[in-house]
Amino acid sequence: FQHILPVDDDLLEKVFITVKTTGRNHLTRLPVIIRTWFQLAKKQTWFFTDTNDQHLSQVTGGHVINTNCSATHSRRALCCKMSVELDVFLETKKKWFCHVDDDNYVNVPALDELLKMYNPIGDWYLGRTSTPKPLQIRAKSQKTTFWFATGGAGFCLSRALVLKMAPISGNGKLMAIGDRIGLPDDVSVGYVIEHLLKIQLTRVEQFHSHLEPMRLIKKDLFNEQLTFSYSLDNEPNTVDVDGFNEITDPTRFLSLHCFLFPEASSCVEK
Ligand code: UDP
Ligand code: MN
């Protein structure tokens, strides 16, 4: 079955969706997001970047936050952004925090359905792992293992959990944690939640990063998936979906969007 086109206002009133991006991706990665799933969650979605951009601010209704973190792919810069995402979330009254990368497609009604299944009063860490084993690190000369949700697949945290994280990793302290364990932002989040707070990740396999082959996701199950991704490196990894041609739609997100929501305005004249 296909979703009826969801109405922005009714869906996801409880969620704050953050898209991590960087100046050099504004014109390459964001236009397809803004044309597709962002239209279904305009009020809930905010872009966290590192560069001022009047045009982006205009096309997103001002939903851009310049984190003032450095515009590099360094661990510090990425932990800095994640840290600001979490801090800004706490300033809102939203019940759920969901983070995605700027190469993710978010299936808005599916995300809404997922969050309805959990009570945000509880501590929830919902996401997908990408490693076959938990991560092992040495902390204070003790070996410890923990799982983490891959940031590039998207993950969600309940407000109760983010409140518990705040004394440990709030207010920029996630950067210090990243420095201490020498690991990226998503791993640092997992370390805080699983290792320090002893709250376990709930595995939700419907989040997808480009670490998995996208073509393996079956068409008849597209509507149940929460996120999709792509990578256009030497060996392209994209969702297998008919629709627009590869030149018009290299990421396949336009075609995916029209598959899920054939009545969306950008899909009517194809
Ligand atoms: N990113 C960033 N600053 C950078 C490089 C990347 O904030 O200098 C963000 C980017 O916008 C994306 C995420 O980090 O949301 C992952 O980047 P990318 O997809 O390029 O690399 P990957 O880690 O997936 O190979
Ligand atoms: Mn990526």
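We now turn to the structure provided with this report. (Residues numbered from 1 in each chain as written. Chains lettered and ligands numbered in written order. Predicted model: local features only at pLDDT ≥ 70, side-chain atom pairs only at ≥ 80, totals over all residues. Heavy atoms only, no water.)

### Let's talk about the packing of helix H5 (residues 159-169) against helix H6 (residues 173-181)
The cut-off we apply is this: The axes are straight lines fitted to the C-alpha atoms, using for helices just the contacting stretch, and the angles between their N-to-C directions are given from 0 to 180°. A helix here means a DSSP run of H or I that spans at least four residues, while a strand means a run of E at least two residues long, and both kinds are numbered starting from the N terminus. Should an angle fall under 35 degrees it is called roughly parallel, over 145 degrees roughly antiparallel, and 65 to 115 degrees roughly perpendicular, with every other angle called oblique. By definition in these notes, contact holds between two residues if any of their heavy atoms fall within 4.5 Å. Only Asp, Glu, Lys and Arg are considered charged, only Ala, Val, Leu, Ile, Met, Phe, Trp, Tyr, Cys and Pro nonpolar, and every remaining residue, Gly among them, polar.
Contact geometry of H5 with H6 gives a least axis separation of 8 Å together with a crossing angle of 70 degrees. Our classification of the angle between H5 and H6 gives roughly perpendicular. Across from Ala166, Pro167, Ile168 and Ser169 in H5, the residues of H6 making contact are Lys173, Leu174 and Ile177. For the contact of H5 with H6, a count of residues per class yields five nonpolar, one polar and one charged.

### Topic: empty space enclosed by the protein
Rules: Here the term cavity refers to a set of points on a 1 Å grid, laid over the protein atoms alone, in which a 1.4 Å probe fits but cannot get out; the term pocket refers to an open set having protein on both sides within 12 Å along at least five of seven lines, with lining residues being those that place an atom within 4 Å of a point. Grid points are joined across faces, edges and corners, and a volume is the space filled by probe spheres set on the points.
A complete count under the given rule lists two cavities of 30 Å³ or more for this structure. In this structure, the largest cavity encloses a volume near 60 Å³. Lining the largest cavity are Ser83, Leu86, Asp87, Leu90, Val162, Met165, Ala166, Ser169 and Gly170. Looking at the lining of the largest cavity, the elements that each hand over two or more residues are helix H3 (75-91) and H5. Looking at side-chain class alone, the lining of the largest cavity contains five nonpolar, three polar and one charged residues. In this model, the second largest cavity occupies a volume close to 40 Å³. What lines the second largest cavity is Ile17, Cys98, His99, Val100, Val106, Leu111, Cys156, Phe207 and Thr227.

What is shown is where atoms sit, not what they do.
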